[in-house]
Amino acid sequence: PGMNGFDVLKQLRETYPATRLPVIIATARHDREDIVKALGLGANDYVTKPLDFPVVLARVETQLAHKRAVDRILALESDVRRHNAQLEKANARMRHSLDSAAQVQRSLLPAKTPLHVGSATHGAHFAWRFDPCDELGGDIFNAFVLPNGHIGLYLLDVSGHGVPAALLSVTLSRVLQPVSGSASLVEHGHDAGQPAHRPPADVVGELNRRFPIDYRSGQYFTIFYGVFDCEHRRLTYVSAGHPPAVRVTRSGEVTPLKAEDFAVGWVPDAAFDTHTIDLAPGDRVFVYSDGVTETMDAAARHFGTDRLAEALSGGTRNDLQTHLDGLMAAVTAFRSGEEVLDDVTVLALECACEREA
């Protein structure tokens, strides 16, 4: 009582928007100003008296169709919000799991860098860099003490990325880990009452038997596995499908080491060739994954072995970690902000010596 149609419309719109409660104004007036005022106050449509009921019915059905469409949209938006909330929770759980897995993977890497094993004149320095392209990497590496003044070292690269590659790389790191007081893949038998290390060819051959290529996923891995004899400064190694490691002398001469063409698991009962090099005091060996040389710039050019050699030849007067950091800086500068497509990993060994200040 005491309200006209405009007052009623105004009060309705304080609570209900036009999309939730359609309003059709029925008026006997043909005054354009009233119609404009009603539409301005939030009316959805209007009809004039005398009412033409087929027209009224058509306009009501049109508003009802609009209302049902809006209701469907609102319901879908509600579903999307609910699903987004569920996805955010699932993503948070997955992120937490990936972070935990990454911590586990990193715990398997050498405990510190740089690392020194042996004496000042008959031993080895180690340094490393590990830059995975995802939360979890397919590369993994280590250096560890073997009996009788020997050091084992490896760097392996599992094909693919993410969780599947990381699971295999972690499994392999466990398999390659020496077991104190008992035989393991890298140690067997006894030499004068002491455990003796297995030759690199035997280690890689056993890995080849245990881990044949998975033809369903196409998963396999490459590996550089070596044993360094500290007393004789001799490195014996197998490089199975892995990029050729490089030797860098104190004068800056860079020489690629020999490597096999086929990876672990490709050929059943494959025989892997063993290679041996004698190092001079101060010589360095850089073992790297293909993510280094296959890093691309904006023009889709690879960093390549020539740039690798150039980056390594000029850093020999620096300590080993600084030398390695210089290589990684060159790789990063070459990439120039482009996306990292593969794990970038380098393990460096230096034959101990009294270096110049």
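Below: a short report on this structure.

## Observations regarding the nonpolar core
Link 1 in the chain: Residues Leu-156, Leu-176, Leu-207, Phe-221, Ile-223 and Tyr-225 are the most contacted members of the largest nonpolar core, which totals 27 residues.
Link 2 in the chain: Where this core is concerned, the elements lending two or more residues are β5 (139-146), β6 (150-158), α4 (162-175), α5 (200-210), β9 (221-229) and β10 (234-240).
Link 3 in the chain: In this structure, Phe-141, Phe-228, Ile-277 and Val-287 belong to the second largest nonpolar core, which totals 23 residues.

## Here's the deal with the packing of aromatic side chains
One pair of aromatic rings is described through two measures. These are the centre distance and the angle between the planes.
Link 1 in the chain: With the rule as written, the count across this model stands at 8 aromatic pairs.
Link 2 in the chain: For the ring pair Phe-224 and Tyr-237, a centre distance of 5.0 Å and an interplane angle of 15° mean the geometry is stacked. Placement of the pair is Phe-224 in strand β9 and Tyr-237 in strand β10, with a sequence separation of 13 residues.
Link 3 in the chain: Residue Tyr-237 is classed as buried on the basis of its relative accessible area of 1%.
Link 4 in the chain: On the basis of an interplanar angle of 70° and a centroid distance of 5.5 Å, the ring pair of Phe-303 and Phe-334 is categorised as edge-to-face. Pair noted here: Phe-303 is in the loop between α6 (290-293) and α7 (304-313) and Phe-334 is in helix α8 (residues 320-335), with a separation of 31 residues, a long-range link.
Link 5 in the chain: What links up through ring pairs into an aromatic cluster is the set Trp-128, Phe-130 and Phe-141.
Link 6 in the chain: The side chain of Lys-37 reaches across the aromatic face of Phe-6, ending 4.5 Å from its centre.

## Description of α8
Link 1 in the chain: For α8, spanning 16 residues, the distance from its first C-alpha to its last is 23 Å, which sits close to the expected 22 Å at 1.5 Å a residue.
Link 2 in the chain: Regarding α8, the residues found buried are Leu-320, Gln-321, His-323, Leu-324, Leu-327, Met-328, Val-331, Phe-334 and Arg-335. For α8, the arc enclosing every buried residue in end-on projection is 170°, short of the 170-degree limit, so these residues lie on one face.
Link 3 in the chain: Next to the buried residues of α8 lie β4 (123-131), β11 (246-248), β14 (284-288), α6, α7 and β15 (344-351).
Link 4 in the chain: One side-chain oxygen of the residue at the start of α8 lies 3.1 Å from the amide nitrogen of Gln-321, identifying that residue as Asp-319.
Link 5 in the chain: At the C-terminal side of α8, Ser-336 shows a positive phi close to 50°.

## Here we look at α7
Link 1 in the chain: If you check which residues of α7 are buried, you get Gly-304, Leu-308 and Leu-312. End-on view of α7: buried residues confined to an arc of 105°, all on one side of the axis. Facing away from the buried side of α7, by more than 90 degrees, are the exposed residues Asp-306 and Glu-310.

## Regarding the pattern of salt bridges
Link 1 in the chain: This model, assessed by the stated rule, comprises 12 salt bridges.
Link 2 in the chain: When the shortest N-O distance is used, the salt bridge between Glu-206 and Arg-210 registers 3.0 Å. Placement of the pair is Glu-206 and Arg-210 together in helix α5, with a separation of 4 residues, close to one helical turn.
Link 3 in the chain: According to the relative accessible area criterion, Arg-210 is partly exposed, its value standing at 44%.
Link 4 in the chain: With a closest N to O distance of 2.7 Å, Arg-247 and Asp-283 form a salt bridge. In this pair, Arg-247 is assigned in strand β11 and Asp-283 in the loop between β13 (275-278) and β14, connecting sequence segments 36 residues apart.
Link 5 in the chain: The partly exposed category is assigned to Arg-247, whose relative accessible area is 22%.
Link 6 in the chain: For Asp-283, a relative accessible area of 3% puts it in the buried group.
Link 7 in the chain: In this structure, a network of salt bridges that share partners links the residues Arg-129, Asp-131 and Asp-325.

## What about the layout of surface pockets?
Link 1 in the chain: Considered as a void within the structure, the largest pocket measures approximately 210 Å³ in volume.
Link 2 in the chain: Along the wall of the largest pocket there are 13 residues; nearest its centre are Glu-294, Thr-295, Met-296, Glu-339 and Leu-341.
Link 3 in the chain: Along the lines of polarity and charge, the residues of the lining of the largest pocket split into 4 nonpolar, 3 polar and 6 charged.

## A few points about the sheet that holds β6
Link 1 in the chain: Strand order in the open sheet made by the 5 strands is β5-β6-β9-β10-β13, with antiparallel pairing throughout. Two strands lie at the open edges of the sheet, namely β5 and β13, each paired on one side alone. Taken over all neighbouring pairs, the strand axes of this sheet differ in orientation by 15° on average, direction set aside.
Link 2 in the chain: Where β5 meets β6, 8 bridges bridge the pair, whose relative direction is antiparallel. Opposite Leu-146, over in β6, you have His-150 as the bridge partner.
Link 3 in the chain: Together, β5, β6 and β9 form the strand contacts of α4, whose direction differs from that of β6 by roughly 165°.
Link 4 in the chain: The sheet strands contacting α5 are β9 and β10, and the helix crosses β9 at an angle near 155°.

## Details of the side chain of Gln-219
Link 1 in the chain: Take Gln-219: it is sitting in the loop between α5 and β9.
Link 2 in the chain: Given the relative accessible area of 18%, Gln-219 is considered buried.
Link 3 in the chain: When residues no more than four places from it in sequence are discounted, the contact partners of Gln-219 are Val-158, Ser-159, Pro-164, Ala-165, Leu-168, Ile-213 and Asp-214.

## Section: the environment of Val-23
Link 1 in the chain: Note on placement: Val-23 falls in the loop between α1 (5-13) and β1 (24-27).
Link 2 in the chain: The exposure class assigned to Val-23 is buried, which follows from its relative accessible area of 14%.
Link 3 in the chain: Distance in space between the C-alpha atoms of Val-23 and Gly-42 is 7.9 Å, their sequence separation being 19 residues.
Link 4 in the chain: Residue contacts for Val-23: discarding those within four places in its chain leaves Leu-9, Leu-12, Arg-13, Ala-43, Asn-44 and Asp-45.

Rules used throughout
Residues numbered from 1 in each chain as written. Predicted model: local features only at pLDDT ≥ 70, side-chain atom pairs only at ≥ 80, totals over all residues. Heavy atoms only, no water. Core = buried A, V, L, I, M, F, W, Y, C linked by side-chain atoms within 4.5 Å. Buried < 20%, exposed > 50% of the residue type's maximum accessible area, 1.4 Å probe, protein only. Helix = DSSP H or I, 4+ residues; strand = E, 2+ residues; numbered from the N terminus. Phe/Tyr/Trp six-rings, centres within 6.5 Å; stacked < 30°, edge-to-face > 60°. Lys NZ or Arg CZ within 6 Å of the ring centre and 35° of its normal. Expected span 1.5 Å × (residues − 1). Arc of directions from axis to C-beta. Contact = heavy atoms within 4.5 Å. Polar contact = N/O pair within 3.5 Å; in protein donor to acceptor, adjacent residues only side chain to side chain. Salt bridge = Lys/Arg side-chain N within 4 Å of Asp/Glu carboxyl O. 1 Å grid on protein atoms, 1.4 Å probe; cavity = no way out; pocket = protein on both sides within 12 Å on 5 of 7 lines; lining within 4 Å. Points joined across faces, edges and corners; volume = space filled by probe spheres on them. Nonpolar A, V, L, I, M, F, W, Y, C, P; charged D, E, K, R; others polar. Pairing = 2+ DSSP bridges. Axes fitted to C-alpha atoms, helices over the stretch in contact; angles between N-to-C directions.

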